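Structural description and commentary
Listed here are the chains, written in short residue letters.
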Amino acid sequence: MFPEYVKVPEKMDVKPIELEASKSALIIVDMQNAFAHEKGRLFVPESRKTIEPIKKLLEKARSKNVSVIYTQDWHQKDDPEFSVWGEHAVAGTWEAEIIDELKPIDGDVLIKKLRYDGFYGTYLDDVLRMRKIENTVITGTVANICVLHTAGSAALRGYKVVIPIDCISALSMFDYISTLRQVTFLYRGLLTTHEGIRFV
Ligand code: ZN
């Protein structure tokens, strides 16, 4: 029914970018044991390759006082999402914790979220507005699920979305590419790499 090979419709630009440090936030989506640790129940193998790039970006952000925000999937025992994915990232469990390699430090913001979208029912938008943030650099996993919903939600609220393509991961190349396509085409987001970002 569907063609076996789907051509990526256009070349997507991946370029270096300069962002004003005080107006930018680095958002790390769901780099929790559930998704980014091999013992997690919804492990995304590709997420392991993004740890080093995210870590480098994190160091860069911290050295320039860029706001660092983590989201965490944070489910109650009977969450309706479990009918789709099975039980995962239950509030307060090991799976819900951020992986050791990217542990938050004092001053970072932790957003515990109920759904794919980091803004849904959370105070993420308030945090960004209070800090007069204009640019959201969005990293993490799963690219086409929580990263995309959070990026879309940020764009619809008027924030500029920047995706370092070596800092997001998906379960398939199709999911990964389609995320980049949606971000650039639909939300006018910009693509770069962890090395391509300069906070000024
Ligand atoms: Zn979930």
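Everything that follows concerns the structure shown earlier in this document.
Residues numbered from 1 in each chain as written. Predicted model: local features only at pLDDT ≥ 70, side-chain atom pairs only at ≥ 80, totals over all residues. Heavy atoms only, no water.

**Considering the overall build of the protein**
Under the convention used in this document: Helix numbers and strand numbers start at the N terminus; a helix is a DSSP run of H or I with at least 4 residues, a strand a run of E with at least 2. The reference for a compact globule is 2.2 Å times residues^0.38; the radius of gyration itself is calculated from the C-alpha atoms. Each residue's exposure class comes from its accessible area (1.4 Å probe, protein chains only) as a fraction of the maximum for that residue type: buried when under 20%, exposed when over 50%, partly exposed otherwise. Working convention for charge: Lys and Arg count positive, Asp and Glu count negative, and His plus the chain ends are omitted. We put the charge of a Lys on NZ, of an Arg on CZ, of an Asp on CG and of a Glu on CD.
Of regular secondary structure, the protein possesses six helices and nine strands. Taken over the C-alpha trace, the protein has a radius of gyration of 16 Å; the compact-globule value for 200 residues is 16 Å, and the two agree within 12%. Judged by the C-alpha coordinates and their principal axes, the protein covers about 50 × 45 × 30 Å. The burial tally for the protein puts 51% of its 200 residues in the buried class. Considering the protein, the positive charge centre built from 26 side chains and the negative charge centre built from 28 side chains are found 5 Å apart.

**With respect to helix H2 (residues 47-63)**
Applicable threshold: By definition here, a helix of n residues has an expected span of 1.5 Å times n minus one. Bend is the name given here to the angle between axes fitted to two runs of seven residues, the run ending at a residue and the run starting at it.
Counted at 1.5 Å a residue, the expected span for H2 with its 17 residues is 24 Å, and the 24 Å between its end C-alpha atoms agrees. Roughly 25 degrees is the biggest bend found in H2, and it falls at Pro53. Within the span of H2, buried status applies to Ser47, Thr50, Ile51, Pro53, Ile54, Leu57, Leu58 and Ala61. Remark: Asn65 follows H2 within two positions and exhibits a positive phi of approximately 60 degrees.

**Section: the coordination of the zinc ion**
Basically, it comes down to this: Note on donors: an N, O or S atom is included if it sits within 2.8 Å of the metal, or within 3.2 Å for Na, K and Ca, and water is never included, so sites can look incomplete. Angular criteria define each label, namely tetrahedral for four donors with all angles between 85 and 135 degrees, square planar for four and octahedral for six donors with opposite donors over 155 degrees apart and remaining angles between 65 and 115, and irregular for whatever fails these tests.
Bound to the zinc ion on the protein side are Asp73 (OD), His75 (NE2), Glu81 (OE) and His88 (NE2), at distances that span 2.0 to 2.1 Å. Viewed at the metal, the four donor atoms of the zinc ion are separated by angles of 93 to 158 degrees, and the geometry they form is irregular. Read in sequence order, the donor residues coordinating the zinc ion give the pattern D-x1-H-x5-E-x6-H. Taken individually, His75 and Glu81 each receive the classification buried, so the pair is uniform in this respect.

**As for the packing of aromatic side chains**
Aromatic ring pairs are reported here in terms of the distance separating the ring centres and the angle at which the planes meet. Worth spelling out the cut-off: Classification of ring pairs uses Phe, Tyr and Trp, with its six-membered ring standing for Trp, and accepts pairs whose centres are within 6.5 Å; under 30 degrees between planes counts as stacked, over 60 as edge-to-face, and the remaining range as tilted. Both a distance and an angle decide whether a charge sits over a ring: NZ of Lys or CZ of Arg must be within 6 Å of the ring centre and within 35 degrees of the ring normal.
For the structure on display, the rule yields one aromatic pair. Each ring, one from Phe119 and one from Tyr159, has its centre 6.3 Å from the other, and the planes form 20 degrees; the classification is stacked. Of the two residues, Phe119 sits in the loop between strand E4 (109-113) and helix H4 (124-130) while Tyr159 sits in the loop between helix H5 (143-156) and strand E6 (160-164), which places them 40 residues apart along the sequence. Neither Phe119 nor Tyr159 differs from the other in exposure class; each is buried. Across from the ring centre of Trp74, 4.5 Å away, lies the NZ or CZ of Lys112, which sits over that ring. Over the aromatic face of Phe185 sits the side chain of Arg181, whose NZ or CZ is 4.1 Å from the ring centroid.

**Observations regarding the environment of Cys167**
The condition is simple: Contacts between residues were defined by any pair of non-hydrogen atoms, one from each residue, lying within 4.5 Å.
Tracing the backbone through its elements, the reader meets Cys167 in the loop between E6 and strand E7 (168-169). Overall, Cys167 belongs to the buried group, its relative accessible area being 0%. As a C-alpha pair, Cys167 and Arg181 span 14 residues in sequence and 16 Å in three-dimensional space. Leave out the neighbours within four places in its chain, and Cys167 touches Thr50, Pro53, Ile54, Leu57, Thr139, Gly140 and His194.

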